[in-house]
Amino acid sequence: MRNIALSFLLCLAMTVAAVSVFAGPATVSESGWFDYENCEFCKTLLEDPGLLAHSTWENFSIKNGAMNVMTVEPEYAAAMRTAEGKMSALGNKIGSGEVNPMTLKMCGHCMSFGMMMMGGAQMERIESDVAVITLMTSDNPDMVKRLQEQAKRDTKEMALLKHQH
């Protein structure tokens with residue numbers, strides 16, 4: 001159950017980065033892969049209107065999975081901690097069984113990532129003064145492929161979302 005909660009924290013990191021790559025009004029991708037307005041996790045990122053415009057994210061495939069690097073400008077660090085705290089609380093409720101994740105509205109990104117975490121993908125989060133690095137890995141070749149495909153789709157969908165506005 002703890003993996004479920006952690007997966008949603010990672011979802012936060014990936015989602016923050018995904019939205020923050022561009023500053024503009026588009027918050028829902030045409031495909032629904034990203035939906036910052038309606039996803040129960042992602043919508044907390046819109047509570048501070050400047051947060052996403054002052055964050056960055058990059059995604060990389062690595063030999064045993066994927067890596068995300070997220071940065072937040074110092075003046076928005078508190079807003080990010082607040083958003084992460086809300087997502088963490090929801091993730092903990094899922095992990096404890098208090099909330100059934102199947103009853104929540106989630107974007108395609110969060111749903112896909114959560115399923116991979118529940119399927120055994122491992123997550124390691126490294127926080128520094130300037131960045132949060134999240135490694136998502138597996139020893140299972142099929143899961144590695146899924147993680148790498150997720151990373152590629154996130155990058156593709158972010159580019160499409162950026163050009164929607």
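Refer to the preceding data block for the structure.
In short, a report on the structure.

Calculation notes
Residues numbered from 1 in each chain as written. Predicted model: local features only at pLDDT ≥ 70, side-chain atom pairs only at ≥ 80, totals over all residues. Heavy atoms only, no water. Helix = DSSP H or I, 4+ residues; strand = E, 2+ residues; numbered from the N terminus. Buried < 20%, exposed > 50% of the residue type's maximum accessible area, 1.4 Å probe, protein only. Contact = heavy atoms within 4.5 Å. Areas by Shrake-Rupley, 256 points an atom, 1.4 Å probe, with all protein chains shown as cover. Expected span 1.5 Å × (residues − 1). Pairing = 2+ DSSP bridges. Axes fitted to C-alpha atoms, helices over the stretch in contact; angles between N-to-C directions. Phe/Tyr/Trp six-rings, centres within 6.5 Å; stacked < 30°, edge-to-face > 60°. Parallel < 35°, antiparallel > 145°, perpendicular 65-115°, else oblique. Left-handed = near helix turned anticlockwise from the far one by under 90°. Nonpolar A, V, L, I, M, F, W, Y, C, P; charged D, E, K, R; others polar.

### Digging into the overall build of the protein chain
- The number of helices and strands found in the protein chain is 4 helices and 4 strands.
- Along its sequence from the N terminus, the protein chain presents helices and strands in the succession α-β-β-α-α-β-β-α.
- Per-residue burial for the protein chain yields a buried fraction of 47% across its 165 residues.
- For the protein chain, contacts bridging at least 24 residues in sequence account for 72% of all contacts bridging at least 6.
- About 8200 Å² of surface is accessible on the protein chain, with carbon and sulfur atoms providing 54% of the total.

### Notes on the environment of Arg-146
- Along the chain, Arg-146 falls in helix 4 (residues 141-162).
- For the pair Arg-146 and Ala-121, spaced 25 residues apart in sequence, the C-alpha separation works out to 9.6 Å.
- When sequence neighbours within four positions are dropped, the list of residues in contact with Arg-146 reads Met-115 and Met-116.

### Overview of helix 4
- Taking 1.5 Å as the rise per residue, helix 4 with 22 residues should run 32 Å; its terminal C-alpha atoms sit 32 Å apart, in good agreement.
- Restricting attention to buried positions, one finds in helix 4 the residues Met-143, Val-144, Leu-147, Gln-148, Gln-150, Ala-151, Asp-154, Glu-157, Met-158 and Leu-161.

### Points about the sheet that holds strand 1 (residues 55-62)
- What the 4 strands build is an open sheet, ordered 1-2-4-3; its pairing is antiparallel. Two strands lie at the open edges of the sheet, namely strand 1 and strand 3 (122-127), each paired on one side alone. Going across the sheet, the axis of each strand differs from the next one's by a mean of 15°, ignoring polarity.
- The pairing of strand 1 with strand 2 (residues 65-72) spans 8 bridges and is antiparallel. In the strand pairing of strand 2, Glu-58 is matched with Val-69.
- Packed onto the sheet, helix 4 meets strand 1, strand 2 and strand 4 (132-137) and runs at close to 145° relative to strand 1.

### Some words on the packing of aromatic side chains
- Inspection of the entire model under this criterion finds 1 aromatic pair.
- Each ring, one from Phe-34 and one from Tyr-36, has its centre 5.6 Å from the other, and the planes form 15°; the classification is stacked.
- Judged by its relative accessible area of 0%, Phe-34 is buried.

### Considering the packing of helix 3 (residues 108-118) against helix 4
- Between helix 3 and helix 4, the shortest axis-to-axis distance is 11 Å and the interhelical angle comes to 165°. By the angle class used here, helix 3 and helix 4 are roughly antiparallel. Every pair of crossing elements has a handedness; the one defined by helix 3 and helix 4 is left-handed. Together, His-109, Ser-112, Phe-113, Met-115 and Met-116 of helix 3 and Met-143, Arg-146, Leu-147, Gln-150 and Asp-154 of helix 4 make up the contact between the two elements.
- Grouping the constituent residues of the contact of helix 3 with helix 4 by class yields 5 nonpolar, 3 polar and 2 charged.

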